[in-house]
Amino acid sequence: MTSNPDRLNGTPEQHQGHRWYGGREVRTREESIDELLELIWILREKGVTDLNSLLQNTTDPEARAVLNQMMGQGLFEMEGDILKFKEKGESLAEGIVRRHRLTERLLMELFEMSEEEAEEEACKLEHVLSPAVTDSVCSFLGHPPVCPHGKPIPQGPCCKKLTGEMKPLIRPLNDLALGQEGRVVFISTRVKDRLEPLSSFGVIPGIIIQLKQRRPSYVIQIGETSIALDESIGREIFVKAV
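Small disclaimer: the values here were computed from a predicted structure and weren't measured.

With that settled, the discussion passes to the pattern of salt bridges. Enumeration over the complete set of coordinates arrives at 7 salt bridges. We note a salt bridge from E90 to R44, for which the minimum N-O separation is 2.9 Å. Of this pair, E90 sits in helix α4 (residues 87-110) while R44 sits in helix α1 (residues 29-45); the two residues are 46 residues apart in sequence, bridging distant segments of the chain. Linking K84 and E79 is a salt bridge whose minimum nitrogen-to-oxygen distance equals 2.8 Å. For K84, a relative accessible area of 34% puts it in the partly exposed group.

All right, on to the pairing of strand β5 (residues 208-213) then. Where strand β4 (residues 181-187) and β5 come together, 3 bridges link them in antiparallel fashion. Paired with E181 across the two strands is Q210, which belongs to β5. Where β5 meets strand β6 (residues 218-222), 3 bridges bridge the pair, whose relative direction is antiparallel. Within the sheet, the bridge partner assigned to Q210 lies in β6 and is Q221. Hairpin connection, β5 to β6: the antiparallel pair is bridged by 4 residues.

Rules of the game
- Residues numbered from 1 in each chain as written.
- Predicted model: local features only at pLDDT ≥ 70, side-chain atom pairs only at ≥ 80, totals over all residues.
- Heavy atoms only, no water.
- Salt bridge = Lys/Arg side-chain N within 4 Å of Asp/Glu carboxyl O.
- Helix = DSSP H or I, 4+ residues; strand = E, 2+ residues; numbered from the N terminus.
- Buried < 20%, exposed > 50% of the residue type's maximum accessible area, 1.4 Å probe, protein only.
- Pairing = 2+ DSSP bridges.

Shown next, in the form of structure tokens:
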């Protein structure tokens, strides 16, 4: 394994003008390190690990200086032109990516933000969410395996406890036991035409519903009203058991 810091010395201006992952202006050195750790992770997911590609995908004009600092902190090492995370850098990058992708899913599914809005806010929140809050968001969302763009969300301690100790706080309606009640937290559907009919039947966030039947179709009870639903619709209604 050969570390070669000279590879990081060069003319920063040649890397300006490139945009990546939201292109948000970097404000602090700590945020700049976070952004580069995240970028290294994202490029590695695509099978790209060389330094030139990294520099071509960042807008940070001080990227070389920041990378030198990161290498001095033992976050990664160089093997020729290839960047390789050290254990500390791997762990930090994993946490940043996890916070970013969970935040995206939370904002898009719960607050119905657009991809652009969710991306912008996730870029801010990924730097400030504590591990406890991140695990709470993950549990709230039911430990989603992928972000809204289909990219894998790294697991956290809460996910590893899932099978033995912890159940998701928010689950699809279909996961309720027969006779069990749940409060509708959000409805996540790509078919917007479904929202109005559901609303007209009273299936809205905050309402208490009871699962009465699974076959031949799902039947839920709201007050004195029974409603039959397709299984696919039941999976789009997320509830918290009460």
